[in-house]
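Given next are the chains, with one letter for each unit.
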Amino acid sequence: MDVLINWINENSDLITHYILQGILAIVILLLGLKVAKFFGNLTEKAFAKRKIDKAVAGFISNIVYALVFAATVLMALSQVGIETTSFVAILGAAGLAVGLALQGSLSNFASGVLIIILRPFKSGDYIEAGGKAGSVERIEIFATELRTPDNKVIIMPNSAIMGGAIVNYSRQKTRRIDLVIGVSYDADLRQAKEVLKSVLDKESRILKDPAYTVAVSELADSSVNFVVRPWVNTTEYWPTYFALVENIKIALDEANIAIPYPQMDVHLHKD
């Protein structure tokens, strides 16, 4: 115990120096976190003022945050006496090893960069990718955030999005509604066609150009199928779709045109 006390007394200046340096390094690290967050938010706000897609702004702000934080860590290590030049070399070698172990994460990062460069979608677009569908909320460094119509949040790895087909339902200003309407074989096809056209003509949200299509597409097992294909503005797709389905059913009922449904005839034989 006496030896320890003597050693502390003999090296008190050195111990005090390292304690102060350690405290200063911690302060630098804590301040660096706030500075990194500040610059990240500042970058996002600057992009927002320039009316740049918020998904892109979020991605770049995350990169800015990571770079500032990395610089802060190097400053803190330098403050406690660690040679940052050799540390960077060691960090580079360790990064290579970690990169090999985390190939999936690097793939997600690379895919995120490709999303920003190629711009297959933007914030607010409704897309389908990787077996999931939703509106794009944010593009992060490793993942993209989607929001479903029923307000669920889907966090998808960027590599899963770029690794397959991407369907963007919002990019074009117009979309075509595809309906298949079956009528009975006993129905008058000319009358049925006119009834379907009358429903479309009454719907104000349907575009005149391109013109809609109403045609017999199939003589199915239990029905004659019409394809009904009107064009609408993308923003009015679902309201128009639901209204057409309801109005077509009402109009066919009023015209006494039956819509067949699957039936099964059971024959009983008595010995």
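See above for the structure.
By convention here, each chain's residues receive numbers from 1 onward along its written sequence. Whole-chain, interface and lining totals are the exception, using all residues; otherwise, since this is a predicted model, local features are given only for residues with pLDDT of at least 70 and side-chain atom pairs are given and counted only at 80 or more. The basis for the side-chain values is all heavy atoms of the structure; hydrogens and waters are excluded.

**Observations concerning the overall build of the chain**
Part 1 of the reasoning: Numbering of helices and strands runs from the N terminus; a helix is a DSSP stretch of H or I covering at least four residues, while a strand is a stretch of E covering at least two. Scanning the chain from N- to C-terminus turns up 8 helices and 10 strands.
Part 2 of the reasoning: Burial here depends on accessible area, computed with a 1.4 Å probe over protein chains only, as a share of the maximum for the residue type. Under 20% is buried, over 50% is exposed, and the range in between is partly exposed. Here the chain holds 271 residues, and the buried ones make up 30% of them.
Part 3 of the reasoning: Note on contacts: a residue pair is in contact if any heavy atoms of the two residues lie within 4.5 Å. Put simply, of all contacts in the chain between residues at least 6 apart along the chain, 64% involve residues at least 24 apart.
Part 4 of the reasoning: With an accessible surface of roughly 17900 Å², the chain has 61% of that area assigned to carbon and sulfur atoms. Surface exposure here means Shrake-Rupley accessible area, sampled with a 1.4 Å probe, where a residue is shielded only by the protein chains that are shown.

**Some words on the pattern of salt bridges**
Part 1 of the reasoning: For this analysis, a salt bridge means a side-chain nitrogen from Lys or Arg found within 4 Å of a carboxyl oxygen belonging to Asp or Glu. One pass over the structure, following the stated rule, counts 7 salt bridges.
Part 2 of the reasoning: Ionic pairing is found between Asp178 and Arg176, a salt bridge with its closest N-O pair at 2.7 Å.
Part 3 of the reasoning: Of the residues examined, Asp178 reaches a relative accessible area of 43% and is grouped as partly exposed.
Part 4 of the reasoning: Since its relative accessible area comes to 32%, Arg176 is described here as partly exposed.
Part 5 of the reasoning: For Arg205, the salt bridge is made with Glu203, and the minimal N-O distance between the two is 2.8 Å.
Part 6 of the reasoning: For Glu203, a relative accessible area of 10% gives the class buried.

**A few points about the side chain of Asn225**
Part 1 of the reasoning: With respect to the element layout, Asn225 can be found in strand β9 (residues 224-229).
Part 2 of the reasoning: Beyond its immediate sequence surroundings of up to four residues, Asn225 is in contact with Val180, Ile181, Gly182, Ala215, Val216, Ser217, Glu218 and Ala220.

**Notes on the environment of Ser135**
Part 1 of the reasoning: Its place among the elements puts Ser135 in strand β2 (residues 132-139).
Part 2 of the reasoning: Remark: the alpha-carbon pair of Ser135 and Ser170, spanning 35 residues in sequence, is separated by 9.3 Å.
Part 3 of the reasoning: In this structure Ser135 touches Gly124, Asp125, Tyr126, Glu145, Leu146 and Arg147, once residues within four positions along its chain are discounted.

**What about unusual backbone geometry?**
Part 1 of the reasoning: Omega for the peptide link from Asp209 to Pro210 comes to 0°, which places this bond in the cis form.
Part 2 of the reasoning: On the secondary structure map, Pro210 appears in the loop between α7 (189-202) and β8 (213-219).
Part 3 of the reasoning: The residue Arg119 is not glycine, and still its phi comes out positive at about 55°.
Part 4 of the reasoning: With respect to the helices and strands, the residue Arg119 is situated in the loop between α5 (103-118) and β1 (126-129).
Part 5 of the reasoning: Phi angles above zero are rare outside glycine, and Asn256 is one such case at about 55°.
Part 6 of the reasoning: Among the secondary structure elements, Asn256 is positioned in the segment after α8 (237-254).
Part 7 of the reasoning: Here Asn256 falls in the exposed class, since its relative accessible area comes to 72%.

**Points about the nonpolar core**
Part 1 of the reasoning: Counting residues in hydrophobic clusters, the biggest one holds 23 residues, and the most contacted among them are Leu179, Ile181, Val183, Leu196, Leu244, Ile248 and Ile257.
Part 2 of the reasoning: Elements supplying a minimum of two residues to this core: β7 (179-183), α7, β9 and α8.
Part 3 of the reasoning: Not counting the four nearest positions on each side in its chain, Leu179 is found in contact with Phe226, Val227, Val228, Tyr241, Leu244, Val245 and Ile248.
Part 4 of the reasoning: Buried residues of nine kinds, namely Ala, Val, Leu, Ile, Met, Phe, Trp, Tyr and Cys, make up a nonpolar core once their side-chain atoms join them within 4.5 Å. Grouped together as the second largest cluster of nonpolar side chains are 11 residues, Ile116, Ile139, Leu146 and Ile161 included.

Bear in mind that shape data such as this cannot, by itself, settle questions of function.
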